[in-house]
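Listed below, chain by chain, are the residues.
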Amino acid sequence: MQTPIIDVRDLVKRFGPIEAVRGVTFSVAAGEIFGFLGPNGAGKTTTIKVLATLLRPTSGRASLAGYDVVARPGDVRRSMGIVFQDPSLDNRLTAEQNLRFHAMLYGVPSREIEPRVAEVLAMVELSERRRALVATYSGGMKRRLEIARGLLHKPRVLFLDEPTLGLDLQTRNRIWEYVVDLRRREGVTVFMTTHYIEESEHCDRIAIIDGGRIVALDTPDALRRHVGGDVITITSPDPPSLAREIAARFGGVARATDGHVVVELERGTEFVPRVAAAFPQLVTAVAVKQPTLDDVFLKLTGHAIRDESASATDQLRTMARAWGGRR
């Protein structure tokens, strides 16, 4: 069996009384596009920061490219590139100046800097804007430049932490075209985090993470099969009552959530007229669809992924940062 390029065992990270990562275990194969899918505050960024040696784990162990993240941090950093969730380019420099500075920090041999800068700029289609100040770039262009910078020193692993956060759908799709092509060209392993369901479809495997724990890990197709059958969403004036009535009359599991009742059944189209006829006062609308990763997340965690549904961990961490800034 091939040695994984990332190997994490029983990883725990605490911030005082807050346990942001709770015993996470997973591995990533070389050349894989691997994703962490979860809401804000789930522990995604904290895990990446541990793997990138930006945070020291409280307990457990993790290695990247065969190097322990605690014992060999320098080797780990040389083996990885990272695109942070927040912008980290110098807006006062041009694109090529940003890249040259990064190349010097990573010890890229001087004779290789200019050819590599030209190569990665062409890769993300920014060659014509190489001498323009980054301050004049759009959000999508800055993200592409950050990806180019992350690849400049030819890392074995590229971390993308919410790489398309705040970008419009068209730009997000274009960024992912670059990422998939980069994996093909460079042979780089890509580890990304996202709370966008559609983005996780680009991954070979996905770890669904919630509350600092991995609740499922598999391919997108296998995760969807975990739901099984059709997903029937019923709008109702009284979801809890309807859920109980459906369970009593038809059996199975009916979940009341956010003004709706969700039922998972084989042959959902046959079920719809039966439930509408049985409970006309409780059914106002019905929708039937094939299961999505959002349905998988809902089934496994009991809630949907939303920006506004940051966990208590995320909220407490934000408060801690705010108080820390006042010292």
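A quick note: this is a predicted structure, and the numbers were derived from the prediction, not measured. (Residues numbered from 1 in each chain as written. Predicted model: local features only at pLDDT ≥ 70, side-chain atom pairs only at ≥ 80, totals over all residues. Heavy atoms only, no water.)

(A) The confidence of the model for the chain, seen in detail. Residues of the chain with pLDDT of at least 70 account for 93%, and the chain-wide mean is 86. Counting contacts from residues 307-327, a segment whose pLDDT is below 50, to residues more than four positions away or on other chains yields 20 contacts. (pLDDT = per-residue confidence, 0-100. Contact = heavy atoms within 4.5 Å.)

(B) Structural view of the packing of aromatic side chains. By the definition in use, this model includes nine aromatic pairs. Ring centres of Phe-250 and Phe-279 lie 6.3 Å apart, and the angle between their planes is 90°; this geometry places the pair in the edge-to-face category. On the criterion of sequence distance, the pair formed by Phe-250 in helix α9 (residues 239-250) and Phe-279 in the loop between α10 (268-278) and β14 (285-289) is long-range, its members being 29 residues apart. Linked through ring pairs, Phe-26, Phe-34, Phe-36, Phe-159 and Phe-191 together constitute an aromatic cluster. Here the basic side chain of Lys-13 rests over the ring of Phe-15, its NZ or CZ set 5.4 Å away from the ring centre. Directly above the aromatic system of Tyr-178 lies the positively charged group of Arg-174, at a separation of 4.4 Å from the ring centroid. (Phe/Tyr/Trp six-rings, centres within 6.5 Å; stacked < 30°, edge-to-face > 60°. Helix = DSSP H or I, 4+ residues; strand = E, 2+ residues; numbered from the N terminus. Lys NZ or Arg CZ within 6 Å of the ring centre and 35° of its normal.)

(C) Region of interest: the packing of helix α4 (residues 110-123) against helix α6 (residues 169-186). Contact geometry of α4 with α6 gives a least axis separation of 11 Å together with a crossing angle of 135°. By the criterion of interaxial angle, the relationship of α4 to α6 is oblique. Where α4 approaches α6, its residues Arg-116, Glu-119 and Met-123 are matched on the opposing element by Tyr-178, Leu-182, Arg-185 and Glu-186. Across the contact of α4 with α6, the residue classes break down as three nonpolar, no polar and four charged. (Axes fitted to C-alpha atoms, helices over the stretch in contact; angles between N-to-C directions. Parallel < 35°, antiparallel > 145°, perpendicular 65-115°, else oblique. Nonpolar A, V, L, I, M, F, W, Y, C, P; charged D, E, K, R; others polar.)

(D) Just the sheet that holds strand β4 (residues 59-64), in detail. If you walk across this open sheet you meet the four strands as β2-β1-β4-β5, and the pairing is antiparallel. Looking along the sheet, the strands with just one partner apiece sit at the ends: β2 (18-28) and β5 (67-68). Note: strand β1 (residues 6-15) against β4, five bridges, orientation antiparallel. Bridge pairing links Ile-6 to Leu-64 in β4. On the sheet, helix α1 (residues 44-51) packs against β1, β2 and β4 and is oriented at approximately 115° with respect to β1. (Pairing = 2+ DSSP bridges.)

(E) Broad picture of the environment of Thr-164. Relative to the elements of secondary structure, Thr-164 occurs in the loop between β7 (157-161) and α6. Residues Thr-164 and Gly-139, spaced 25 residues apart in sequence, show a C-alpha to C-alpha distance of 9.2 Å. For Thr-164, the contacting residues outside a window of four places in its chain are Arg-143, Arg-172, Ile-175, Trp-176, Tyr-196 and Glu-199.

(F) Molecular detail of the nonpolar core. By size, the foremost hydrophobic cluster in this structure holds 47 residues, and its most contacted members are Leu-145, Ile-147, Leu-160 and Ile-208. Leaving out residues up to four positions away in the same chain, Ile-208 has contacts with Leu-37, Arg-213, Ile-214, Val-215, Ala-216, Leu-223, Val-296, Phe-297 and Leu-300. Formed by 27 residues, the second largest nonpolar core is a distinct cluster that contains Leu-64, Val-76, Phe-159 and Ala-207. (Core = buried A, V, L, I, M, F, W, Y, C linked by side-chain atoms within 4.5 Å. Buried < 20%, exposed > 50% of the residue type's maximum accessible area, 1.4 Å probe, protein only.)

(G) Representation of unusual backbone geometry. Phi at Glu-125 is positive, roughly 60°, even though this residue is not glycine. Tracing the chain through its elements places Glu-125 in the loop between α4 and α5 (139-151). Judged by relative accessible area, Glu-125 falls into the partly exposed class, the value being 49%. With phi around 55°, Lys-154 is a residue other than glycine that occupies positive phi space. Within the secondary structure layout, Lys-154 lies in the loop between α5 and β7.

(H) Geometry of the pairing of strand β8 (residues 189-194). Among the six residues in β8, six count as buried, and that is most of the element. Side chains Thr-189, Phe-191 and Thr-193 of β8 all project onto a buried face; the interleaved residues Val-190, Met-192 and Thr-194 project onto the opposite face, where all are buried too. Here β7 runs beside β8; their pairing, made up of five bridges, is parallel. Paired with Val-157 across the two strands is Thr-189, which belongs to β8. Between the parallel pair β7 and β8, the chain is carried across by α6, and the sense of this crossover is right-handed. (Right-handed = clockwise from strand over helix to strand, strands pointing away.)

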